[in-house]
Amino acid sequence: MRRISKTLFSWASILDDETEAQAVTASRMPFIHPHIALMPDAHLGKGATVGSVIPTLGAIIPAAVGVDIGCGMIAVRTGFTADDLPSDRQPLREAIERAVPLSAGVYNTEITATAAPRIAELEELAASGAEGAPAHRFDPADYAANWRLQLGTLGSGNHFIEVSLDEDERVWLFLHSGSRGVGNRIAGAHIQAAQEYDARNWIVLPDRDLAYLVEGTVEFDRYIAELRWAQRFAFLNREEMMDRVVAEVEAWVGRPVVEAERVNCHHNYTEKEHHYGKDVWLSRKGAIDASAGLPGLIPGSMGTASYVVTGKGNRLSLNSSPHGAGREYSRSAARRTFTRQQLDEAMAGIEWRATDAFLDEIPQAYKPIDQVMADAADLVEVRHTLRQIVNVKGD
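Quick caveat, the model's predicted, so the values are computed rather than measured.

Novice: Honestly, the overall build of the chain in this entry has me stumped. Any pointers?
Specialist: Looking only at helices and strands, one finds nine helices and 17 strands in the chain. Scaling as 2.2 N^0.38, a compact globule of 395 residues should have a C-alpha radius of gyration of about 21 Å, and the chain matches this with 20 Å. Dimensions along the principal axes, computed over C-alpha positions, put the chain at roughly 65 × 45 × 40 Å. For the chain, the share of sequence-separated contacts (at least 6 apart) that also reach a separation of at least 24 residues comes to 76%. Carbon and sulfur atoms provide 49% of the accessible area of the chain, an area that totals close to 15200 Å². For the chain, the centre of its 40 positive side-chain charges and the centre of its 54 negative side-chain charges are spaced 3 Å apart.

Novice: When you look at the packing of aromatic side chains in this model, what are you seeing that I'm missing?
Specialist: Given two aromatic rings, their pairing is described by the distance between the two centres and the angle made by the two planes. The full count for this structure, using the stated rule, is ten aromatic pairs. Their ring planes at 40° and their centres at 6.5 Å tell us that Trp352 and Phe358 sit as a pair that is tilted. By the burial criterion, Trp352 is buried, and Phe358 matches it. What links up through ring pairs into an aromatic cluster is the set Phe138, Tyr143, Trp147, Trp229 and Phe233.

Novice: Looking at this model, I keep getting lost on the layout of surface pockets. Mind explaining?
Specialist: Empty space left among the atoms is revealed by rolling a probe the size of a water molecule over them. Estimated volume of the largest pocket: approximately 1100 Å³. Lining of the largest pocket is provided by 50 residues; of these, His43, Val50, Asn158, Arg327 and Arg331 occupy positions nearest its centre. Only helix 1 (17-27), strand 3 (36-43), strand 7 (160-165) and helix 5 (180-200) provide two or more residues apiece to the lining of the largest pocket. Top contributing element to the lining of the largest pocket by residue count: helix 5, with three residues. Partitioned by chemical class, the residues of the lining of the largest pocket number 16 nonpolar, 21 polar and 13 charged.

Novice: Whenever I open this one, the nonpolar core confuses me. Can you help?
Specialist: Side chains of nonpolar character tend, in soluble globular proteins, to be buried together. Counting 44 residues, the largest nonpolar core has Leu297, Ile298 and Val380 as the members making the most contacts within it. Residues in contact with Leu297, not counting those within four places in the same chain, are Met73, Ile74, Ala75, Phe174, Val263, Cys265, Ile288, Tyr307, Val308 and Val309. Ile60, Ala126, Leu151 and Phe233 belong to the second-largest nonpolar core, a separate cluster that totals 28 residues.

Novice: Explain the side chain of Glu261 here, please?
Specialist: Turning to its location among the elements, Glu261 is positioned in strand 10 (residues 261-266). At a separation of 2.9 Å, a polar atom in the side chain of Glu261 contacts the side chain of Arg383. Those residues in contact with Glu261 that sit more than four places away from it in its chain are Ala75, Val76, Arg77, Trp172 and Arg383.

The rules we used
- Residues numbered from 1 in each chain as written.
- Predicted model: local features only at pLDDT ≥ 70, side-chain atom pairs only at ≥ 80, totals over all residues.
- Heavy atoms only, no water.
- Helix = DSSP H or I, 4+ residues; strand = E, 2+ residues; numbered from the N terminus.
- Rg over C-alpha atoms; globule rule 2.2 N^0.38 Å.
- Contact = heavy atoms within 4.5 Å.
- Areas by Shrake-Rupley, 256 points an atom, 1.4 Å probe, with all protein chains shown as cover.
- Lys, Arg positive; Asp, Glu negative; His and termini not counted.
- Charge placed at Lys NZ, Arg CZ, Asp CG, Glu CD.
- Phe/Tyr/Trp six-rings, centres within 6.5 Å; stacked < 30°, edge-to-face > 60°.
- Buried < 20%, exposed > 50% of the residue type's maximum accessible area, 1.4 Å probe, protein only.
- 1 Å grid on protein atoms, 1.4 Å probe; cavity = no way out; pocket = protein on both sides within 12 Å on 5 of 7 lines; lining within 4 Å.
- Points joined across faces, edges and corners; volume = space filled by probe spheres on them.
- Nonpolar A, V, L, I, M, F, W, Y, C, P; charged D, E, K, R; others polar.
- Core = buried A, V, L, I, M, F, W, Y, C linked by side-chain atoms within 4.5 Å.
- Polar contact = N/O pair within 3.5 Å; in protein donor to acceptor, adjacent residues only side chain to side chain.

Following this line, the structure appears as structure tokens:
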């Protein structure tokens, strides 16, 4: 850990100057309490650094939550071991690709039986108001008319579905996604609302993407209600997809999946928490809750290891840990720098849809996950190390 200033502490051994400067700027906002914690996977983001934990008093920076509200991970440890699995994994990959809509802008064509009660919960939440802003009700269709069909869809970029094995050859199902198009539009609307609020009130900002909403205002209450709705959407989206993946694994193996463990955690979200003597709005933008004893998930990039962890409750880190490997190359830079042959070599032994479309997701475009985990040694304890055998992604 390195103290950069009295309001910024960093656990990142790999940190470029531009990312550090961005984090320093955010740490100087007047309502930070007590400091920003920069995670080992930190990299440049919109306004606030990805891989940062930002505690605020009486205000929230919408861009510090991220544009994919509620993005996170879900994992299921099954009762299967590697010996239970058929040798040909391609049918499973293709079945998962049919069961879960992939890629940006690709959604369900109908509401499934498992999705229906989850959609009903979200409809009730929107109609009744969220905890902390009970007076605010809204219609998610104002942001995305087809939001119901978005539940149970993966998206693209670094979102993925994987089948993995742990150190004891036990089979895990692993999935990364968020609140999809509807959540992205909610985030964008409130980032703009914060910028407009600050302009109306003559608030001078070091970066317009650090625009904030002040607690006690209508704008703040509206954001909290819709933020919490989107966070719940993301959680249920992952549950819906995981149930579909479980069903496809059952059909492939020919036996029911007996779940030994299920973990579902956000890594782009805000909650009210108590730190250093005060109740703060804690925004984890690319970080997970690593409170003492709490299970968590830290994925590597495609072709590398992922980790099932338990939080150590490190007070200085605001009970947080990294959420993944963290990019070192932008998507365009990765495409200029690396080759398809290098990607094929990185994915050797893994069943995946071999295509140039995933070149910007090559492991070399990310920080080495082993170094990230070494940096996080005082934040989490590693329970299981997973290696991929099946990878599913959207273009």
